[in-house]
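Analysis of the macromolecular model
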Amino acid sequence: MAMYELTIGIHRGTLTSRDVEQPESFESMDDCIKAVAKVKEWYKNIGYNIWFANVKELDGTTTTLEQNTNYN
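**Overview of the pairing of strand β4 (residues 49–57)**
Summarising the sheet, strand β1 (residues 4–11) and β4 pair through eight bridges and their orientation is antiparallel. Its bridge partner being in β4, glycine 9 is matched across the sheet by phenylalanine 52. Summarising the sheet, β4 and strand β5 (residues 62–67) pair through five bridges and their orientation is antiparallel. The partner of alanine 53 across the bridge, within β5, is glutamate 66. Counting the residues in the hairpin turn of β4 and β5 gives four residues, including glycine 60, whose phi is positive at 95°.

Pasting the structure below:
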């Protein structure tokens with residue numbers, strides 16, 4: 001059973017270019033961290049930045065793994 005729900009937001013440098021991926025479930029916080037590192041590199045290669053990466057646990061606790069509001 002997945003205990004962590006990862007939600008990632010991306011942007012292309014402007015407020016109007018923001019988008020949010022569908023949440024994805026993982027079994028550990030470490031798996032979430034690895035997933036963020038992987039997609040961060042992929043999005044960078046296509047000209048996007050991670051806007052935010054938040055992990056929500058079953059108890060409702062939310063942990064921010066990435067936070068970037070550096071818009072042009």
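**Quick look at the packing of aromatic side chains**
Per the stated rule, a full pass over the model turns up three aromatic pairs. Both rings, one in tryptophan 42 and one in tyrosine 43, keep their centres 5.0 Å apart while their planes meet at 65°; by these two values the pair is edge-to-face. Classification of tyrosine 43 by relative accessible area gives buried; the value is 9%. A ring pair is formed by tryptophan 51 and phenylalanine 52, whose centres lie 4.9 Å apart and whose planes are at 70°; its orientation type is edge-to-face. Judged by relative accessible area, tryptophan 51 falls into the buried class, the value being 17%. Exposure remark for phenylalanine 52: the relative accessible area of 13% places this residue in the buried category.

**Description of the environment of tyrosine 48**
Its location among the elements puts tyrosine 48 in the loop between α1 (29–45) and β4. A C-alpha to C-alpha distance of 18 Å links tyrosine 48 and leucine 6, two positions 42 residues apart in sequence. Beyond its immediate stretch of four places on either side in the chain, tyrosine 48 contacts Ile10, His11, Arg12, Ser17 and Tyr43.

**So, the side chain of serine 17**
Structurally, serine 17 can be placed in the loop between β1 and β2 (19–20). A distance of 2.7 Å separates the side chain of serine 17 from the backbone nitrogen of arginine 12, its partner in a polar contact. A polar atom in the side chain of serine 17 sits 2.8 Å from the backbone oxygen of threonine 14.

**Here's the deal with the pattern of salt bridges**
Enumeration over the complete set of coordinates arrives at two salt bridges. A salt bridge links aspartate 30 to lysine 34, with the nearest nitrogen and oxygen atoms 3.2 Å apart. A residue pair is termed a helical-turn pair when its members lie 3 or 4 positions apart in one helix, as aspartate 30 and lysine 34 do in helix α1 at four residues. A salt bridge links glutamate 66 to lysine 40; its shortest N-O distance comes to 3.3 Å.

Basis of the calculations
Residues numbered from 1 in each chain as written. Predicted model: local features only at pLDDT ≥ 70, side-chain atom pairs only at ≥ 80, totals over all residues. Heavy atoms only, no water. Pairing = 2+ DSSP bridges. Helix = DSSP H or I, 4+ residues; strand = E, 2+ residues; numbered from the N terminus. Phe/Tyr/Trp six-rings, centres within 6.5 Å; stacked < 30°, edge-to-face > 60°. Buried < 20%, exposed > 50% of the residue type's maximum accessible area, 1.4 Å probe, protein only. Contact = heavy atoms within 4.5 Å. Polar contact = N/O pair within 3.5 Å; in protein donor to acceptor, adjacent residues only side chain to side chain. Salt bridge = Lys/Arg side-chain N within 4 Å of Asp/Glu carboxyl O.

Any functional reading would require information that these geometric values do not contain.
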